[in-house]
Amino acid sequence: MSRKQRVIDFVEIEWGGYIERFNRLPGLDGMQRVRGQGYERFRDMLAHILSWWEDVMPAILALAEKREIERKKYDFDAFNAEAVAKYKDWDEAGFLAHFEKSRQKAAADFRSMNEAAFEDKRIWGRIHGIFIHHAREHLVALSKFLTLDTLEHEWKEYPAAFDASDRQEDFLKKQGAARFGDLLAHNFVWWDQGMIAVQGALKDPSFKYAGPGDTDTFNAGIVAKYKGTSEEELRALFEQKRLAMIELVHGLPESAFQNPTIEDWLAADVVEHFDEHAV
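Reading the values: the criteria
- Residues numbered from 1 in each chain as written.
- Predicted model: local features only at pLDDT ≥ 70, side-chain atom pairs only at ≥ 80, totals over all residues.
- Heavy atoms only, no water.
- Helix = DSSP H or I, 4+ residues; strand = E, 2+ residues; numbered from the N terminus.
- Rg over C-alpha atoms; globule rule 2.2 N^0.38 Å.
- Buried < 20%, exposed > 50% of the residue type's maximum accessible area, 1.4 Å probe, protein only.
- Contact = heavy atoms within 4.5 Å.
- Areas by Shrake-Rupley, 256 points an atom, 1.4 Å probe, with all protein chains shown as cover.
- Lys, Arg positive; Asp, Glu negative; His and termini not counted.
- Charge placed at Lys NZ, Arg CZ, Asp CG, Glu CD.
- Expected span 1.5 Å × (residues − 1).
- Phe/Tyr/Trp six-rings, centres within 6.5 Å; stacked < 30°, edge-to-face > 60°.
- Lys NZ or Arg CZ within 6 Å of the ring centre and 35° of its normal.
- Polar contact = N/O pair within 3.5 Å; in protein donor to acceptor, adjacent residues only side chain to side chain.
- Axes fitted to C-alpha atoms, helices over the stretch in contact; angles between N-to-C directions.
- Parallel < 35°, antiparallel > 145°, perpendicular 65-115°, else oblique.
- Left-handed = near helix turned anticlockwise from the far one by under 90°.
- Nonpolar A, V, L, I, M, F, W, Y, C, P; charged D, E, K, R; others polar.

### A short note on the overall build of the protein chain
So, point 1. Helices and strands together make up the secondary structure of the protein chain, namely 14 helices and zero strands.
So, point 2. Listing the helices and strands of the protein chain from first to last along the sequence gives α-α-α-α-α-α-α-α-α-α-α-α-α-α.
So, point 3. What you see for the protein chain is a C-alpha radius of gyration of 20 Å, in line with the 19 Å of a compact globule of 279 residues.
So, point 4. Viewed in the frame of its principal axes, the protein chain has a C-alpha envelope of about 55 × 45 × 35 Å.
So, point 5. Here the protein chain holds 279 residues, and the buried ones make up 47% of them.
So, point 6. A separation threshold of at least 6 residues defines the contact pool for the protein chain, and within that pool the share at least 24 residues apart is 79%.
So, point 7. As presented, the protein chain carries roughly 14,700 Å² of accessible surface, and 52% of it is formed by carbon and sulfur atoms.
So, point 8. Between the averaged position of the 37 positive side-chain charges in the protein chain and that of its 49 negative side-chain charges there is a distance of 3 Å.

What follows is the structure in structure tokens.
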């Protein structure tokens, strides 16, 4: 899949269903998720997301047309506060209509852009930040689309991203890993736990899986188990497990993501775990 098609899919599928998925959540659960991200209302989070689209899209289009842009320095706290304040007094229907209109315009703008523009680092960095990474950062109700995208793109490129990094030693130190292979094993063994949870919930909707016990002990056990396994073998195992997770998720009906056990495990195991360990 091209980068162009990937981001169009994000705008149309992930962001297109974002509000509907949130509205399916039980009221209290939805508000707990929103407040956990530092917002009083779901609308305030939407205002934050929308304001970033509105601020960055003109620069993306200008760069795609080979025009010069103003280099901005952001005070992120101030920007985010202003975004919420900007739409605070809008009536609900008018705000949601504006959000939807802006989403549709972004999709149309991306369709109009040349494929080559998506390979420009300045353009792709902005697109990835506000349309792809932002969806993971503000995940409130997991979708099948976001789960698969993270497995098929972010996790696929994970070993190559590490190999290309000029700060490998600092990264491993920050992650508390002696070698990159240990980090790969950590991730794919947790995917195994996610598989247990998902498959259990598919057989019995009331199934609850608490996990493998004490997290620190479990993580230490992973390192010990694979201590004698070579980096090359661990990379092969990582890829094998990634493909198995993709197969599992492909086979899930959309309704499965409304099961709390399935949603919680895949959100934590696949999507949030990536950003915890991103290079």
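### Concerning unusual backbone geometry
So, point 1. Positive phi, normally seen in glycine, also occurs at lysine 66, with a value near 65°.
So, point 2. Locating lysine 66 in the fold gives a position in the loop between helix H4 (42-64) and helix H5 (76-86).

### What to know about helix H1 (residues 3-14)
So, point 1. Across its 12 residues, H1 extends 15 Å between first and last C-alpha, which sits within 8% of the 16 Å expected from 1.5 Å per residue.
So, point 2. Where H1 is concerned, the buried positions are Lys4, Arg6, Val7, Ile8, Asp9, Phe10, Val11 and Glu14.
So, point 3. Those residues of H1 hidden inside the fold are in contact with helix H2 (18-24), helix H6 (92-112), helix H7 (121-137) and helix H8 (144-154).

### Details of the packing of aromatic side chains
Describing an aromatic ring pair means giving the distance of the ring centres and the angle of the ring planes.
So, point 1. Evaluation of the coordinates by the stated rule reveals 31 aromatic pairs.
So, point 2. Relative to phenylalanine 42, the ring of phenylalanine 22 has its centre 3.8 Å away and its plane inclined at 10°; by these criteria the two rings are stacked. Here the residue phenylalanine 22 occupies a position in helix H2, and phenylalanine 42 occupies one in helix H4, the gap between them amounting to 20 residues.
So, point 3. Overall, phenylalanine 22 belongs to the buried group, its relative accessible area being 10%.
So, point 4. Judged by its relative accessible area of 9%, phenylalanine 42 falls in the buried class.
So, point 5. Between tyrosine 209 and tryptophan 265, the ring centres sit 5.4 Å apart and the planes meet at 35°, which makes this aromatic pair tilted. One end of the pair, tyrosine 209, is in the loop between helix H11 (180-203) and helix H12 (215-225); the other, tryptophan 265, is in helix H14 (residues 260-276), and 56 residues separate them in sequence.
So, point 6. Tyrosine 209 sits in the partly exposed class, given a relative accessible area of 23%.
So, point 7. Accessibility expressed as a relative area gives 13% for tryptophan 265, which makes it buried.
So, point 8. Grouping aromatic residues by their ring pairs yields a cluster made of Trp15, Tyr18, Phe22, Phe42, Trp53, Phe99, Phe110, Phe118 and Phe131.
So, point 9. Here the guanidinium or amino end of arginine 43 rests over the ring plane of phenylalanine 95, the centre of that ring lying 4.7 Å away.

### Section: the environment of phenylalanine 110
So, point 1. Tracing the backbone shows phenylalanine 110 in helix H6.
So, point 2. By relative accessible area, which is 0% here, phenylalanine 110 ends up buried.

### Notes on the side chain of aspartate 55
So, point 1. Among the secondary structure elements, aspartate 55 is positioned in helix H4.
So, point 2. Only 2.9 Å separates the side chain of aspartate 55 from the side chain of lysine 72, close enough to count as a polar contact.
So, point 3. Once residues lying within four places of it in the same chain are set aside, the contact partners of aspartate 55 are Lys72, Tyr74 and Phe79.

### Focus: the packing of H11 against helix H13 (residues 231-250)
So, point 1. Look at H11 against H13: their axes get within 9 Å of each other, and the N-to-C directions meet at 25°. With respect to H13, the axis of H11 lies roughly parallel. When the axes of H11 and H13 are compared, the crossing they make is left-handed. Taking contact as the criterion, the partners of Phe180, Gly181, Asp182, Leu184, Ala185, Phe188, Trp191, Asp192, Met195, Val198 and Gln199 in H11 are, on H13, Glu231, Leu234, Arg235, Leu237, Phe238, Lys241, Arg242, Ala244, Met245 and Leu248.
So, point 2. Here the residues of the contact of H11 with H13 are counted per class, giving 13 nonpolar, two polar and six charged.

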